[in-house]
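Report on the structure
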Amino acid sequence: MLVLGIESSCDETGLALYDSRRGLLAHALHSQIAMHRDYGGVVPELASRDHIRRALPLLEQVLQQAGVARTSIDAIAFTQGPGLAGALLVGASIANALGLALGKPVIGIHHLEGHLLSPLLAQTPPPFPFVALLVSGGHTQLMRVADVGDYQTLGETLDDAAGEAFDKTAKLLGLNYPGGPEVSRLAEFGTPGAVELPRPMLHSGDLDFSFSGLKTAVLTHLSRIGSNACEQAKADLARGFVDAAVDVLVAKSVAALKRTGMKRLVVAGGVGANRQLREALCAAAAKRGFDVYYPDLALCTDNGAMIALAGALRLQRNPAAANTSYAFTVKPRWDLSAINDPGQQPA
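The following refers to the structure shown. Predicted, not measured: the structure shown is a model, and the values here were computed from it. Here the residue numbers are simple positions, counted from 1 along each chain's written sequence. Owing to the predicted nature of the model, reporting of local features is limited to residues with pLDDT of at least 70; listing and counting of side-chain atom pairs is limited to 80 or more, with chain, interface and lining totals taken over all residues. As a rule here, side-chain values cover all heavy atoms of the structure and leave hydrogens and water aside.

Bringing the sheet that holds strand E10 (residues 291-293) into the picture now. For two strands to count as paired, DSSP must find a minimum of two bridges between them. Secondary structure elements are taken from DSSP: a helix is a run of H or I of four residues or more, a strand is a run of E of two residues or more, and numbering for both begins at the N terminus. Spatially, the five strands line up as an open sheet ordered E8-E7-E6-E9-E10, and their pairing is mixed. Of all strands in the sheet, those with a lone pairing partner are strand E8 (150-156) and E10, marking the two edges. Across the sheet, the mean angle separating the axes of adjacent strands is 25° when strand polarity is ignored. Summarising the sheet, strand E6 (residues 130-135) and strand E7 (residues 140-147) pair through six bridges and their orientation is antiparallel. For Val 135, the partnering residue across the bridge sits in E7 and is Thr 140. Residues count as neighbours in contact if any of their non-hydrogen atoms are within 4.5 Å of one another. Axis definition: a line fit to C-alpha positions, over the contact stretch in the case of helices; interaxial angles, taken between N-to-C directions, run 0 to 180 degrees. Relative to E10, helix H9 (residues 275-288) is tilted by about 155°, and along the sheet it contacts E6, strand E9 (264-268) and E10.

Quick look at the structure:
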């Protein structure tokens, strides 16, 4: 089965072709970072317009890379939610228009399910079941994953996601958008232990997270050292922030493995590319005897490959989940637990 995946939930336009026998054949991605940088964050209307401009040229690119014709596509998967409503509508309308034109079935995919399953595209994919740490700009969750469509939330953030805290801290430090990678780079020059920040909910006894207080602690420290603090002082603060956030993410992930009795941890989402987080998790895995899996770095951010994969896996398990009426909706807010029935296609 050859599945075209279309991702347009926020500020990246991704298209990919995944074959259920041969694997990922081609993928292409356009990032809108340069366009949104002047605004310090994503402008939804600009994002939607750019998806319109980019999607079809990217389609031609992946078809050429894979060496296949449009008519060879067996099904089309698109991100139905969550995300920006206008951006989602672009991907949904293109997917269903292509489906109608080609006479091919279409399936809507949960964006987080795509991230959750993206490590299956790696050269050494994790077997089911596993614990997943979904950590991105808008989401921080620990999930028990028994199989495709069988997900249990173990814990989640009560306020800011980890990625939001990284971005807001970057803004406080005067760093460029997107802030997460900038904070991590600056932290590399910081002195370990020079700035000690709180580890929110580290000893809460549950698997939930909270990062808004950590961001506030950064603001409080900045007010003490002054807005004209030297670069080393800012690097020390960035190091203190990154160390605190990573300590919490690692501790909660280890606690989730212990609670479920599992020995496999999958890390997915944009923050999963963070070098400090990967190093800390690998160190914890070596010490505590569990395995940790990551998507390829190119597939940590939003991409069409994860949507194509999720679509192929869904359709393999339940071909009736496909939409052949080409009527569609999008779900800007969509709870991942709502897709737990592998045979249920969202209305």
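To continue, consider the sheet that holds strand E1 (residues 2-7). Taking strand neighbours across the sheet as the criterion, the five strands line up as E3-E2-E1-E4-E5 in an open arrangement whose pairing is mixed. Two strands lie at the open edges of the sheet, namely strand E3 (23-31) and strand E5 (106-110), each paired on one side alone. Strand-to-strand twist across the sheet, computed as the mean angle between neighbouring axes with direction ignored, equals 20°. In the sheet, strand E2 (residues 12-19) pairs with E3 via eight bridges, with the strands oriented antiparallel. Paired with Ala 16 across the two strands is His 27, which belongs to E3. Taken strand by strand, helix H3 (residues 85-102) contacts E1, strand E4 (75-81) and E5, and its axis lies near 160° from that of E4. Strands in contact with helix H10 (residues 304-317) are E1, E2, E3, E4 and E5; relative to E1, the strand with the most contacts, it is inclined by about 135°.

Turning our eyes to something else, we now look at the environment of Gln 80. Its place among the elements puts Gln 80 in strand E4. The spatial distance from the C-alpha of Gln 80 to the C-alpha of Ala 92 is 6.7 Å, given a sequence separation of twelve residues. Separated by 3.1 Å, the side chain of Gln 80 and the backbone oxygen of Thr 329 make a polar contact. Contacts described as polar in this section are N or O atom pairs within 3.5 Å, which, within protein, must combine one atom able to donate a hydrogen with one able to accept it, while residues neighboring in sequence count only if both atoms come from side chains.

Pairing between side chains of opposite charge can happen when the charged atoms of each approach one another. We count a salt bridge whenever a side-chain nitrogen from Lys or Arg sits within 4 Å of a carboxyl oxygen from Asp or Glu. Scanning the entire structure with this criterion turns up 16 salt bridges. Note that Arg 54 is salt-bridged to Asp 50, the shortest N-O span being 3.3 Å. In this pair, Arg 54 and Asp 50 are both assigned in helix H2 (residues 44-66), four residues apart and thus about one turn of the helix distant. The exposure class of Arg 54 is partly exposed, given its relative accessible area of 33%. What makes Asp 50 buried here is its relative accessible area of 2%. Of the charged contacts in the structure, one is a salt bridge between Glu 196 and Arg 199, with a shortest N-O distance of 3.6 Å. Judged by its relative accessible area of 58%, Glu 196 falls in the exposed class. Here the term buried applies to any residue with accessible area under 20% of the maximum for its type, exposed to any over 50%, and partly exposed to those in between, with areas from a 1.4 Å probe on protein chains only. For Arg 199, a relative accessible area of 23% translates into the label partly exposed.

Remember that the coordinates give geometry; whether it matters functionally is a separate question.
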